[in-house]
Amino acid sequence: MTDLELEPLGPAFGSIVHGLDLLTASDDEVVSLRAALVDRKVLFLRDQKLDDDAQVDLGRRIGELTASHPVVGGVDAAHPEVYALDSTDNGFADVWHTDVTFMKRPPLGSILRSVVLPPSGGDTNWADSQLAYDSLAAPVQRLADQLTAVHDGAREFGYYLAQRRGGQGNEWDGEVVTRLDPVEHPVVRVHPETGRKGIFVNPGFTSHIVGVSDFESRAILDLLYAHLTKPEHIVRHRWKLGDVALWDNRSTAHYANRDYGTDRRVMHRITLRGDIPAGPPN
Ligand SMILES: O=C(O)CCC(=O)C(=O)O
Ligand SMILES: [Fe+2]
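Predicted, not measured: the structure shown is a model, and the values here were computed from it.

**Q** What exactly am I supposed to notice about the sheet that holds strand S5 (residues 109-116) here?
**A** Adjacent strands of a sheet pair through backbone hydrogen bonds, lying either parallel or antiparallel. Reading across the sheet, the seven strands line up as S1-S2-S3-S15-S5-S17-S4 and stay open at both edges, with mixed pairing between neighbours. Because the sheet does not close on itself, it has two edges, and the strands there are strand S1 (5-8) and strand S4 (83-86). Each neighbouring strand pair of the sheet contributes to a mean axis angle of 25°, computed without reference to strand direction. Pairing geometry for S1 and strand S2 (residues 15-18), over four bridges, is antiparallel.

So, in C-alpha cells, the structure goes:
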C-alpha cells in the first residue's frame, strides 16, 4: 500500500483524495484507494479525466462490477455496466437511499462521475450510517439490533421494469430480473470487513419492519431516518466537472439535491458487486 494524500471532511467520515490520477493509478494506489474507501466511506477526487470506458476499467480494478442496475439498462450497448442518471429522463435521487437495497445482494460500493452539471445546485449528500448507529442511545441500539426490515424495489422501479423493459431486466447475482419481489435485510448491518454496525434502512427502498405493527414500524423508521440524516452525520459535495465520488454502500446512504429547475444534470455510475447483508449475532 502507498500513502494517499487524504483531506478529511469530518472527523471520521469523508475525504478528498489529492494527487491521484485515476487513469494512471498504480496497482498499489488502487489497493490504498479501496482501503481508504472502507475507512472513510466516501471519497472525492477532483480533475479526473474518466470516460465510460475508463470508469469501467477503474471499477474492475477495485472489484467485480454489476450490471448498471437490476432493471435500468446501461447507458449504451457498449457499456452495460454504466447507469446514467439524466434529469431530462427523470433521473433523480432526491430521496435518502442506499443503492439497490431492494435486492438480496446490494452493491458493495458505487463510483459516480459528473457528466453534465447545472450552473449551480445538484449537490449530493452522504450520511455515515455507522456514526449514526454509534450515536444512538444504547437501548435504542439494542432494539434496532433485533429488527429485520423489508425492502421493496417495485415502488420505485416496478413501472420501469414493466413499461420500459417489457418485464425483462438485467442479470443480477446470476439471474435475469423479471420481478422485484420484496427482500428482507437486518435493520443493523455488520460491515463484513470492519465488523462495525450501521443503520441499514432507508426511505427510498425500505417499506416496513417485520413483526411489529404498521404504527410501530412507521415510528421506528422515522426515528432511525431522522437520526441517520442529522447534520453531524452528513458530508455534502458540490460538484464540478471532472469530479469522481466513490462510496461504501454498506456504511452510507445518500441524497442528490433536486434544486436546479429545468437545467440538465447527468451523472454516470457503476456499482461493485456486494455480499448478502448480515446483522448482529442474536
Ligand atoms: O445524482 C447523484 O448525485 C447521485 C445519484 C445516485 O443516487 C446514485 O448515483 O446512486
Ligand atoms: Fe444512489
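**Q** Help me understand the environment of alanine 67 in this model?
**A** Inspection of the secondary structure puts alanine 67 in the loop between helix H2 (52-62) and S4. When the C-alpha atoms of alanine 67 and serine 213 are compared, they prove to be 36 Å apart, with 146 residues separating the residues in sequence. Setting aside anything within four residues of it in sequence, one finds alanine 67 in contact with Pro80, Glu81, Asn170, Glu171, Trp172 and Thr271.

**Q** Is there a simple way to explain the sheet that holds strand S7 (residues 148-151) in this structure?
**A** With respect to topology, three strands assemble into an open sheet ordered S10-S7-S13, the strand pairing being antiparallel. At either margin of the open sheet sits one strand with a lone partner, and together these are strand S10 (183-186) and strand S13 (206-209). Adjacent strand axes in the sheet meet at a mean angle of 35°, parallel and antiparallel pairs treated alike. As defined by bridge partners, S7 adjoins S10 across four bridges and the pair is classed as antiparallel. The partner of histidine 151 across the bridge, within S10, is valine 183.

**Q** Just checking my understanding: could you explain the site of ligand 1 for this structure?
**A** Near ligand 1, the surroundings consist of Leu85, Ala93, His97, Asp99, Leu112, Thr124, Trp247, His254, Ala256, Arg265, Met267 and Arg269. Within the side chain of aspartate 99, a nitrogen or oxygen atom sits 3.0 Å from an oxygen atom of ligand 1. One of the side-chain nitrogen or oxygen atoms of arginine 269 is found 2.7 Å away from an oxygen atom of ligand 1. When contributions to the shell around ligand 1 are tallied by element, the ones reaching two or more residues are strand S16 (252-256) and strand S17 (266-272). Taken together, the residues of the shell around ligand 1 break down into six nonpolar, three polar and three charged.

**Q** Looking at this structure, I do not really get a negative patch on the surface. What am I missing?
**A** Together, Asp51, Asp53, Asp57 and Asp76 give the surface a local cluster of negative charge. When you line up the elements, aspartate 51 lands in the loop between strand S3 (42-45) and H2. For aspartate 51, a relative accessible area of 41% puts it in the partly exposed group.

Definitions and cut-offs
- Residues numbered from 1 in each chain as written.
- Chains lettered and ligands numbered in written order.
- Predicted model: local features only at pLDDT ≥ 70, side-chain atom pairs only at ≥ 80, totals over all residues.
- Heavy atoms only, no water.
- Pairing = 2+ DSSP bridges.
- Helix = DSSP H or I, 4+ residues; strand = E, 2+ residues; numbered from the N terminus.
- Axes fitted to C-alpha atoms, helices over the stretch in contact; angles between N-to-C directions.
- Contact = heavy atoms within 4.5 Å.
- Near = heavy atom within 4 Å.
- Polar contact = N/O pair within 3.5 Å; in protein donor to acceptor, adjacent residues only side chain to side chain.
- Nonpolar A, V, L, I, M, F, W, Y, C, P; charged D, E, K, R; others polar.
- Patch = residues over 30% accessible without salt bridge, like charges linked within 9 Å, V, L, I, M, F, W, Y side chains within 5 Å.
- Areas by Shrake-Rupley, 256 points an atom, 1.4 Å probe, with all protein chains shown as cover.
- Salt bridge = Lys/Arg side-chain N within 4 Å of Asp/Glu carboxyl O.
- Lys, Arg positive; Asp, Glu negative; His and termini not counted.
- Charge placed at Lys NZ, Arg CZ, Asp CG, Glu CD.
- Buried < 20%, exposed > 50% of the residue type's maximum accessible area, 1.4 Å probe, protein only.

Don't take any of this as a statement about function, it's just geometry.
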